Amino acid sequence: MGMRDGRRGARARGTGTRGAGARRFVRLLPWLLTGVGLLIDLASPPTVTAVPLFAAAPLVAAPFFSFAGTAGAGIVSVLAVVGIRLWDGVVLDVVPVTELLTLVTVSVLALLINGVVRRGSEQLASARAIAETAMRAVLPTPEERIGGLLVAARYEAAQADEFVGGDLYAVVDTPHGVRLVLGDVRGKGLDAVGAVAVVIGAFREAAETELSLEGVAQRLERALAREGERRGGLDSMEGFVTVVLAEIPTGSGALRIVNRGHPEPLLLHADGRLDVLAPSRPAMPIGMGLETWPDRSEEWEMPAGSTLLVFTDGLSEARDAAGSFYDPEERLRGRIFPGPEELLSALTDDVRLHTGGRSTDDMALLAVGRPALGQPARRRTVRIVGRAGG
């Protein structure tokens, strides 16, 4: 991907370097404040004081240091002032005593702030762990080979170390062939996780029993409508889900798709050609109170060696520093990949280069390949890649 990718990589590395430098500076700042205070007090007459700098040291440490580190910053500041006043021989005068009392009070306040910050961080970490556990339960790792097809999936979190959002995917082998869903629930957090669970549960049941993709789509509509009623009249405009439903019949080269307001999937051929699987008629997302929407699946050819790529708008709406959107069609056309896993690895790496590690939306990717004759099964993993990581 040439020199442009090299420049993007340099920008991404520069962003990471600046972030690491800022963290080191924050860690050193309390000690720098104490050191500067010492220099000012020692170089100035006794009437000049640098106590504000000593008082700032534990306050700066409070949000970023451990309890012991914050206490250490306060103790060092107090000892520094006591030492200076002993050197000046005025430690028991009214002003030095007042300064010491002020500094001790500020240090205790810093410890209280540190405790509040730590408790808030622990509660946030606990809530995030619960949400991540729920998310992983409803989005289990798909098998690497389903119904004779090769499968790879990725969930890329916009925030580092987070796995909580409204993107969803599932792949199941049914009597009608391999069926899959990939979608994007409006919103984030635990409410979105609940909606993901509803959609995935309804899909897994409907995919086994419904004779057509249109029937599966209607089952998802009814499931979301029931969930809205259960929540006491959930506003339909706040609960919609864009989805792509696909069916790959066993022993056939056909590919059937129902697209309900979702970005168009791509079909990558073994020779590098690429087809955009755009519906002939746009459709509204599910969950908008349109149970009678006239769904109609559309059919394409999916020859051996080709790969279906389905993604959420976290991919197509990823922006670079200049605000330009990532264009998966442009970036993937003409490229050849050994299998779905290699496709997703190259794609996620390229998106991170494009954004410089500044993604603002979660991204779910699902690639399903029809292997050519003799093509081996490939190992596949579901990796979680945060905004700052690789």
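Up top you'll find the structure we're talking about.
Here's what I pulled together on the structure shown here. (Residues numbered from 1 in each chain as written. Predicted model: local features only at pLDDT ≥ 70, side-chain atom pairs only at ≥ 80, totals over all residues. Heavy atoms only, no water.)

1. A closer look at the sheet that holds strand S3 (residues 167-174)
Then, number 1: Strand order across the open sheet formed by five strands is S3-S4-S5-S6-S9, with antiparallel pairing between neighbours. Both outer strands of the open sheet, S3 and strand S9 (298-301), are each paired with one neighbouring strand and no more. Strand after strand, the sheet turns through a mean of 20° between neighbouring axes, direction not considered.
Then, number 2: Alignment of strand S4 (residues 177-185) against strand S5 (residues 241-248), held across eight bridges, turns out to be antiparallel. Counted as the bridge partner of Leu 180 is Ala 246 from S5.
Then, number 3: Packed on one face of the sheet, helix H6 (residues 213-230) meets S4, S5 and strand S6 (254-260) and runs near 30° to S6. (Pairing = 2+ DSSP bridges. Helix = DSSP H or I, 4+ residues; strand = E, 2+ residues; numbered from the N terminus. Axes fitted to C-alpha atoms, helices over the stretch in contact; angles between N-to-C directions. Contact = heavy atoms within 4.5 Å.)

2. With respect to the environment of Gly 253
Then, number 1: Looking at the element boundaries, Gly 253 is found in the loop between S5 and S6.
Then, number 2: Classification of Gly 253 by relative accessible area gives partly exposed; the value is 28%.
Then, number 3: The spatial distance from the C-alpha of Gly 253 to the C-alpha of Arg 370 is 8.8 Å, given a sequence separation of 117 residues. (Buried < 20%, exposed > 50% of the residue type's maximum accessible area, 1.4 Å probe, protein only.)

3. Quick word on the sheet that holds strand S11 (residues 363-369)
Then, number 1: Across the sheet, which stays open at both edges, the six strands sit in the order S1-S2-S11-S10-S7-S8 with antiparallel pairing between neighbours. Each having just a single partner strand, strand S1 (145-146) and strand S8 (274-276) make up the two edges of the open sheet.
Then, number 2: Inspection of the sheet shows S1 paired to strand S2 (residues 149-156) by two bridges, in the antiparallel sense. Bridging from a neighbouring strand, Ile 146 pairs with Leu 149 of S2.

4. Comments concerning the packing of aromatic side chains
Then, number 1: The final tally for this structure, using the stated rule, is one aromatic pair.
Then, number 2: Ring centres of Trp 31 and Phe 65 lie 6.3 Å apart, and the angle between their planes is 55°; this geometry places the pair in the tilted category. A residue pair is termed long-range when its members are at least 10 positions apart, and Trp 31 in helix H1 (residues 2-43) and Phe 65 in the loop between helix H2 (51-61) and helix H3 (67-88) qualify at 34 residues. (Phe/Tyr/Trp six-rings, centres within 6.5 Å; stacked < 30°, edge-to-face > 60°.)

5. Structural notes on the pattern of salt bridges
Opposite charge on two side chains permits them to pair, given that their charged atoms come into close proximity.
Then, number 1: Within the structure shown, the criterion is met by 12 salt bridges.
Then, number 2: For Arg 179, the salt bridge identified is with Glu 247, shortest N-O distance 2.7 Å. In this pair, Arg 179 sits in strand S4 while Glu 247 sits in strand S5, placing the two residues 68 residues apart along the sequence. Each member of the pair, Arg 179 together with Glu 247, is buried.
Then, number 3: Residues Glu 299 and Arg 256 are paired through a salt bridge, measuring 3.1 Å at the closest nitrogen-oxygen approach. Separated by 43 residues along the polypeptide, Glu 299 in strand S9 and Arg 256 in strand S6 bring together distant segments of the chain.
Then, number 4: Among the residues examined, Glu 299 registers a relative accessible area of 49% and is labelled partly exposed.
Then, number 5: Counted as one network, the salt bridges with shared partners bring together Arg 179, Glu 247, Arg 256 and Glu 299. (Salt bridge = Lys/Arg side-chain N within 4 Å of Asp/Glu carboxyl O.)

6. Notes on the side chain of Ser 107
Then, number 1: By the secondary structure assignment, Ser 107 is in helix H4 (residues 94-138).
Then, number 2: With a relative accessible area of 11%, Ser 107 lands in the buried category.
Then, number 3: The residues touching Ser 107, leaving out its near neighbours within four places in the chain, are Pro 58, Gly 74 and Val 78.

7. A short note on the pairing of strand S10 (residues 307-311)
Then, number 1: Burial analysis of S10 places five of its five residues in the buried class, the great majority of the element.
Then, number 2: Of the two faces of S10, the one lined by Thr 307, Leu 309 and Phe 311 and the one lined by Leu 308 and Val 310 are each fully buried.
Then, number 3: Pairing of strand S7 (residues 266-268) with S10, which is carried by three bridges, proceeds in the antiparallel orientation. In the sheet register, Leu 268 faces S10, and the bridge partner there is Thr 307.

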